[in-house]
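# Examination of the molecular architecture
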Amino acid sequence: NITNRCFSSGAAHPEETGHKYNKRVFSGIQPTGVPHLGNYFGAIKPWVDLQKEDGTEVILCVVDLHALTLPQDPTKLRENIRDMFASILACGIDPKKSILFQQSSVSQHAELGWILGCMTTLPKLEHLPQWKQKSETMKEVPLGLFTYPVLQAADILLYKATHVPVGDDQVKHVELCRHLANLFNKKYGFVFPKPKVITGDLKRLKSLRNPAKKMSKSDTDANSRIELTDSDDVIRQKLKKAVSDFTSYISYEPESRPAISNLVNIHAAFTDLLPEEIVEESLALDTLAYKERVADVVIANLAPIRKEIVRLRGDTSYLDEVIRSGADRAAGIATDTYDKVKQLVGFT
Ligand code: ATP
């Protein structure tokens, strides 16, 4: 039930990109924890849908360099990277069809990031909303958090991606990427097609504890999100504890009743029904009974994914092979692009 919308004009034509696909999609996810329902419906499931399209190549990156923009424990990061691979595979990404790889294994991301950083001015980054929001409560802001969108531009441009699926919070970053592509092409000669943004119709899923915030991997309260590996009992408990309001009937009013509307959005995402249709069929239920109903739906749908994640976590040699071969395939493309860049800027 997610239809993708594209915008931004001037996307590349296959002849401009030099690759054989009409559409080359690039997307990334940070290995900052087990993916939650927001990541699943907002990113991973749309990737699986794109993978099914004829003439579309999907390149997916576990962006560990980006994860370092906030403090990480090395042991936990190592575990999170493998868990992220296992989760993406369990949700249906086929590593033979799509390219799935770890960002730090392809050194050209950091190298191109540096070159693009030298072409970016402070005012271009200062007004971007995401770093402002993430740094709001920090005493000292890491430079990497500030320059994050430049590295993101390098991620996309190295693969000459034509389409980038992102949440609405990331649209400004793709605009910066298009600006840098343009600047580079004008100064040095054409290398980079300008990527189009793809945004889904899905409403951002909100924290179960505070519907003013989005559901997020890095929220310190694990009860705020449902993770793809949560057991049936944990899912039921988290939904039971989800904040609601003092009204006991079910309705879909995202502005005035964001908490219950968020549960309806979660429920709807697992069906082909609109939120209003979900409300229609749930009129007889009070809030508590409705939370049980949502728990039944979530548990039934997540159980096979959880089982597969657990199986893949245990299959270390298969995971090693996926990580290794993904890095090789990605590096093949990245090296071609970056060799051209080195020559144009005068390094070689
Ligand atoms: P972190 O909390 O570490 O920033 P995150 O959970 O916000 O992580 P990202 O790794 O930044 O997730 O994003 C991965 C993808 O998941 C992006 O495409 C993003 O738009 C999508 N996504 C993240 N949170 C949600 C959400 N609550 N609802 C829908 N999509 C989401």
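Predicted model only: the values in this text are computed from it and were never measured.

## Structural notes on the packing of helix 10 (residues 232-241) against helix 13 (residues 287-314)
Two numbers describe how helix 10 lies on helix 13: the axes approach to 9 Å, and their chain directions differ by 145°. When the axes of helix 10 and helix 13 are compared, the crossing they make is right-handed. Contacts between helix 10 and helix 13 involve D232, I235, R236, L239 and K240 on the former and, on the latter, K291, E292, V294, A295, D296, V298, I299, L302 and R306. Partitioned by chemical class, the residues of the contact of helix 10 with helix 13 number 7 nonpolar, no polar and 7 charged.

## Overview of the confidence of the model for the protein chain
Summing up the model confidence of the protein chain, the mean pLDDT is 92 and the portion of residues at 70 or higher is 93%. This model gives residues 1-13 a pLDDT under 50, and the stretch forms 40 contacts once residues within four places in sequence are excluded.

## Structural notes on the pairing of strand 6 (residues 196-200)
Both strand 5 (residues 163-165) and strand 6 contribute to a ladder of 3 bridges, which runs parallel. Within strand 6, the position partnered with H163 by the bridge is K196. The parallel pair strand 5 and strand 6, bridged by helix 9 (residues 171-188), forms a crossover whose chirality is right-handed.

## Let's talk about the state of the cysteines
Here the structure, examined in full by the defined rule, presents 0 disulfides. Here C91 stays free of any disulfide, with the sulfur of C61 as its closest cysteine sulfur at 17 Å. The exposure class of C91 is buried, given its relative accessible area of 11%. Distance from the sulfur of C177, which forms no disulfide, to the nearest cysteine sulfur (C61) is 14 Å.

## Topic: the environment of M138
Mapped onto the secondary structure, M138 falls in the loop between helix 7 (129-135) and helix 8 (143-158). Setting aside chain neighbours within four positions, we find M138 in contact with L70 and L145.

## Some words on the packing of aromatic side chains
Enumeration over the complete set of coordinates arrives at 7 aromatic pairs. Ring centres of F26 and Y159 lie 5.5 Å apart, and the angle between their planes is 15°; this geometry places the pair in the stacked category. Taken together, the residues F26 in strand 2 (residues 23-29) and Y159 in the loop between helix 8 and strand 5 connect sequence positions 133 residues apart. Both residues of the pair, F26 and Y159, count as buried. Through successive ring pairs, a cluster of aromatic residues spans F26, F101 and Y159. The ring centre of Y249 lies 5.0 Å from the NZ or CZ of R257, which sits over that ring.

## Description of the pattern of salt bridges
Any two side chains of opposite charge can pair if their charged atoms end up close together. With the rule as written, the count across this model stands at 22 salt bridges. In this structure, E281 engages R293 in a salt bridge whose closest nitrogen and oxygen atoms are separated by 4.0 Å. Here E281 is found in helix 12 (residues 275-281), whereas its partner R293 is found in helix 13, with 12 residues between them in sequence. Taking the relative accessible area as the measure of exposure, R293 reaches 34% and is therefore partly exposed. By sharing partners, the salt bridges in this structure join R236, K240, E292 and D296 into a single network.

## Quick word on the site of the ligand
Around the ligand there are 17 residues in total, and R204, K214, S216, K217 and S218 lie nearest to it. Note that a nitrogen atom of the ligand is positioned 3.1 Å from one of the backbone N or O atoms of G38. The contact in question runs from a nitrogen atom of the ligand to an N or O atom on the backbone of L205, over 2.8 Å. The fraction of the free accessible surface of the ligand (600 Å²) that becomes covered by protein chains is 92%. For the shell around the ligand, the leading source of residues is helix 2 (residues 37-51), giving 4 residues. Per-class residue counts for the shell around the ligand are 4 nonpolar, 9 polar and 4 charged.

## What to know about the environment of S251
Relative to the elements of secondary structure, S251 occurs in the loop between helix 10 and helix 11 (258-269). Of the residues examined, S251 reaches a relative accessible area of 8% and is grouped as buried. Linking S251 and F26, residues 225 residues apart in sequence, is a C-alpha distance of 37 Å. In this view, S251 contacts R257, I260, S261, V264 and V279; residues no more than four positions away in its chain are not counted. For S251, the side chain forms a polar contact with the side chain of E253, separated by 2.5 Å. Reaching out from S251, the side chain makes a polar contact with the side chain of R257 at a distance of 2.8 Å.

## Re the nonpolar core
Within the largest apolar cluster, 58 residues are counted, with the highest numbers of intra-cluster contacts made by L37, I88, L239, I266, V298 and L302. Split by domain, the residues of this core number at least three in each of domain 1 (4-204 + 315-345) and domain 2 (229-313). Discounting chain neighbours no more than four positions away, the residues touching I266 are L37, L205, L208, M215, V294 and V298. Within the second largest apolar cluster, 40 residues are counted, among which are F101, V106, C177 and I333.

About the cut-offs
Residues numbered from 1 in each chain as written. Predicted model: local features only at pLDDT ≥ 70, side-chain atom pairs only at ≥ 80, totals over all residues. Heavy atoms only, no water. Axes fitted to C-alpha atoms, helices over the stretch in contact; angles between N-to-C directions. Helix = DSSP H or I, 4+ residues; strand = E, 2+ residues; numbered from the N terminus. Left-handed = near helix turned anticlockwise from the far one by under 90°. Contact = heavy atoms within 4.5 Å. Nonpolar A, V, L, I, M, F, W, Y, C, P; charged D, E, K, R; others polar. pLDDT = per-residue confidence, 0-100. Pairing = 2+ DSSP bridges. Right-handed = clockwise from strand over helix to strand, strands pointing away. Disulfide = S-S within 2.5 Å. Buried < 20%, exposed > 50% of the residue type's maximum accessible area, 1.4 Å probe, protein only. Phe/Tyr/Trp six-rings, centres within 6.5 Å; stacked < 30°, edge-to-face > 60°. Lys NZ or Arg CZ within 6 Å of the ring centre and 35° of its normal. Salt bridge = Lys/Arg side-chain N within 4 Å of Asp/Glu carboxyl O. Near = heavy atom within 4 Å. Polar contact = N/O pair within 3.5 Å; in protein donor to acceptor, adjacent residues only side chain to side chain. Areas by Shrake-Rupley, 256 points an atom, 1.4 Å probe, with all protein chains shown as cover. Core = buried A, V, L, I, M, F, W, Y, C linked by side-chain atoms within 4.5 Å. Domains from an automatic or database assignment.

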